[in-house]
Amino acid sequence: MDVDPTTGILYGASSELRTIDIDTGNATTIGEISSVNQTGILMQSIAFSPDGTLYGVSNDSVGVLTLFTIDVTTAAATTVAPLADSSIWGIDFAPDGTL
């Protein structure tokens, strides 16, 4: 889960992207996280950059981690790059934008 720094909205993700009402805990599904080549991409971790871009890390069935950007209005995922370190379990951004 992470809060969009540009809107204050809390998001959560698994294979679906959701907004979460911080007062009630109710979740609203935006959609299944999918790319051009995959549907239902299971995110291990998500994090917003300071400019409001949502990133996610997914581990595929053979242990390859991939970094994605995720559109918060459609849940469409775009591959940024495969990650060499397969031990990554969470991502976060520093205030200066360093991942």
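First things first, this report covers the structure right here in the doc.

The rules we used
- Residues numbered from 1 in each chain as written.
- Predicted model: local features only at pLDDT ≥ 70, side-chain atom pairs only at ≥ 80, totals over all residues.
- Heavy atoms only, no water.
- Core = buried A, V, L, I, M, F, W, Y, C linked by side-chain atoms within 4.5 Å.
- Buried < 20%, exposed > 50% of the residue type's maximum accessible area, 1.4 Å probe, protein only.
- Helix = DSSP H or I, 4+ residues; strand = E, 2+ residues; numbered from the N terminus.
- Pairing = 2+ DSSP bridges.

1. Observations regarding the nonpolar core
- Within the largest apolar cluster, 12 residues are counted, these being Tyr 11, Leu 17, Ile 33, Ile 41, Met 43, Ile 46, Phe 48, Leu 54, Phe 68, Ile 70, Ala 75 and Ala 77.
- At the level of elements, strand E5 (43-48) and strand E7 (65-70) are the ones that each hand at least two residues to this core.
- When residues of this core are assigned to their parent elements, the largest contribution, three residues, is made by E5.
- Within the second largest apolar cluster, seven residues are counted, among which are Ala 47, Tyr 55, Val 57 and Ile 91.

2. What about the sheet that holds strand E4 (residues 27-32)?
- The antiparallel open sheet is built from four strands, whose spatial order is E1-E2-E3-E4. Bordering the open sheet on either side are strand E1 (2-3) and E4, each of which pairs with just one other strand.
- The pairing of E1 with strand E2 (residues 10-13) spans two bridges and is antiparallel. Bridge pairing links Asp 2 to Tyr 11 in E2.

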